[in-house]
Amino acid sequence: MDLNQLMPAIVTIAHQAGEKIMEVYTSADFSVEHKNDNSPLTAADMASHHHIVDALAALTPQYPVLSEENASELAFGGRSQWQTYWLVDPLDGTREFIKRNNEFSILIALVHEHKPVLGVVHAPALNQTWFASLGNGAYKQTNGEPFPISARHTANPLQVVGSKSHRDPAMPQFLKQVGAYEYSVMGSILKACMVADGSADIYPRLGPTSEWDTAAAQIIVEEAGGHFTRSDMQPMRYNTKESLLNPYFFVFGKDYRDWSQYLP
């Protein structure tokens, strides 16, 4: 498995999915349905899902694909046998998409032995892409050639980024404990990418997410020199249990710190 050789194809697949999403996004109107968990679903989610799943199956038929939109069809008994697989969120930030605020993204990760080893985050409305693979560094592409990115050392005041559409009940108590800080909001997993490229110090996520929400960004943050841990400071791992819900987590820069001490 040559991750460097695989990367350009995955970036291309993400960009192609982005084009399909933008066709819906720029249309005069689009319908919104709701799944069983009351999360929104649009034609853009499904167009992106079908394109990515089909493209990955053609590129790497040896690796199964777990997407947010097919997860209910894949029982743990079967997927627990997977050593390597694709983990995809075809449209992360559907609520931001519906609000037309541009802060949504496509997430594609390759997971090997419960850890992400390749990840692409593409924000089509912002024309920005972050990508990384194990041992090869992290990169950002806005226009033209990609350039290497690096997480930063902690600033003072602390630059904290949080969710635009989800309120984490524990966040106010956490922020009271961390000292001087400035707080900003961003949609989708783009918050983690801000930590990876040195635009923010920490993204604490003290609310529910799913495994497809984080894997792609995790390898980008880690290859940029940052940290992506559970809220108990243990490593994030994937496909280890029947539920695909994540534990709460912290995304932070180069300086290791036990952020769990500030939890209520």
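Residues numbered from 1 in each chain as written. Predicted model: local features only at pLDDT ≥ 70, side-chain atom pairs only at ≥ 80, totals over all residues. Heavy atoms only, no water.

The cut-off we apply is this: UniProt positions are given in the numbering used here, feature names are shortened, and annotations may be inferred rather than shown by experiment.
The name given to the protein in an unreviewed UniProt entry is 3'(2'),5'-bisphosphate nucleotidase CysQ, and the organism recorded there is Candidatus Thiothrix phosphatis. Checking UniProt for the protein, the heading Subcellular location (unreviewed entry) contains the comment "Cell inner membrane". What the UniProt record of the protein gives under Cofactor (unreviewed entry) is the line "Mg(2+)".

**Side note on the side chain of T214**
The following threshold applies: Secondary structure elements follow DSSP: runs of H or I no shorter than four residues count as helices, runs of E no shorter than two count as strands, and numbering proceeds from the N terminus. Any N or O atom pair separated by 3.5 Å or less is treated as a polar contact, with the protein-specific requirement of one donor-capable and one acceptor-capable atom, and with residues adjacent in sequence counted only for side-chain atom pairs. The contact criterion used throughout is that any non-hydrogen atoms of two residues lie within 4.5 Å.
Looking at where T214 falls in the secondary structure, it is placed in the loop between β12 (202-205) and α7 (215-223). A distance of 3.2 Å separates the side chain of T214 from the side chain of N246, its partner in a polar contact. Setting aside residues no more than four positions away along its own chain, T214 makes contact with T209, F228, M236, Y238, N246 and F249.

**Quick word on a nonpolar patch on the surface**
Worth spelling out the cut-off: Patches here: salt-bridge-free residues with over 30% relative accessible area, like charges joined within 9 Å, nonpolar side chains (Val, Leu, Ile, Met, Phe, Trp, Tyr) joined within 5 Å. Accessible areas in this description were obtained via Shrake-Rupley with a 1.4 Å probe; residue shielding takes into account the shown protein chains only. Salt bridges are counted wherever a side-chain nitrogen of Lys or Arg sits within 4 Å of a carboxyl oxygen of Asp or Glu. With a 1.4 Å probe rolled over the protein chains alone, any residue whose accessible area is under 20% of its type maximum counts as buried; one over 50% counts as exposed, and the rest are partly exposed.
Where nonpolar side chains cluster on the molecular surface, the patch consists of Y181, Y183 and V185 and spans about 260 Å² of accessible area. Within the secondary structure, V185 sits in strand β11 (residues 181-186). V185 sits in the partly exposed class, given a relative accessible area of 40%.

**Thoughts on the nonpolar core**
What counts is decided by this rule: Each nonpolar core is a collection of buried residues, namely Ala, Val, Leu, Ile, Met, Phe, Trp, Tyr and Cys, held together in the definition by side-chain atoms within 4.5 Å.
Within the largest apolar cluster, 39 residues are counted, with the highest numbers of intra-cluster contacts made by V121 and I220. Those elements that provide at least two residues to this core are β4 (84-92), β5 (105-112), β6 (115-123), β7 (128-133), α6 (190-196), α7 and β14 (249-252). Residues within four places of I220 in sequence aside, it is in contact with G119, V120, V121, W130, F131, A132, A138, I149 and A196. Ranked by size, the runner-up nonpolar core spans 31 residues in total, among them L6, V24, W86 and L110.

**Here we look at the sheet that holds strand β3 (residues 65-67)**
Heads up, the rule is: By this definition, two strands are paired if DSSP reports at least two bridges between them. With axes taken as lines fitted to C-alpha atoms, and helix axes fitted only over the stretch in contact, angles between N-to-C directions fall between 0 and 180 degrees.
Strand order in the open sheet formed by seven strands is β3-β4-β5-β6-β7-β8-β9, and the pairing between neighbours is mixed. Looking at which strands have only one partner, the edges of the open sheet turn out to be β3 and β9 (147-148). As paired elements, strand β8 (residues 138-141) and β9 share two bridges and run antiparallel to each other. By the bridge assignment, K140 is partnered in β9 with F147. Seen against the sheet, helix α1 (residues 3-25) touches β4, β5, β6, β7 and β8 and runs at an angle of roughly 35 degrees to β6. In the packing of α7 onto the sheet, the strands contacted are β4, β5, β6, β7 and β8, and the crossing angle to β6 comes to about 100 degrees.

**Remarks on the environment of T129**
As for its placement among the helices and strands, T129 is situated in strand β7. Taking relative accessible area as the criterion, T129 reaches 2% and is therefore assigned buried. Remark: the alpha-carbon pair of T129 and S105, spanning 24 residues in sequence, is separated by 9.0 Å. The contact partners of T129, leaving out residues within four places of it in the chain, are V11, H15, V120, V121, H122, Y139, K140 and Q141. Within the structure, the side chain of T129 is placed 2.8 Å from the side chain of H122, a separation counted as a polar contact.

**Overview of the UniProt feature "binding site: substrate" (unreviewed entry) in the protein**
Following the UniProt record, one finds the feature "binding site: substrate" (unreviewed entry) at E68, L91, D92, G93, T94 and D213. Across 146 residues, the annotated set stays spatially compact, with a maximum C-alpha separation of 12.2 Å. Assignment of secondary structure puts E68 in the loop between β3 and α3 (76-79). If you trace the backbone, G93 turns up in the loop between β4 and α4 (94-99). Judged by relative accessible area, which is 17%, G93 ranks as buried.

**Remarks on unusual backbone geometry**
Glycine aside, residues mostly have negative phi, and peptide bonds are mostly found in the trans state. Residue P157 is bonded to the preceding N156 through a cis peptide linkage, with omega at 5 degrees. Inspection of the secondary structure puts P157 in the loop between β9 and β10 (158-163). A positive phi is found at N102, a non-glycine position, where the angle reads about 75 degrees. By the secondary structure assignment, N102 is in the loop between α4 and β5. Owing to a relative accessible area of 28%, N102 belongs among the partly exposed residues under this scheme. We note that S188 has phi near 65 degrees; this positive angle belongs to a residue other than glycine. Topologically, S188 is positioned in the loop between β11 and α6.

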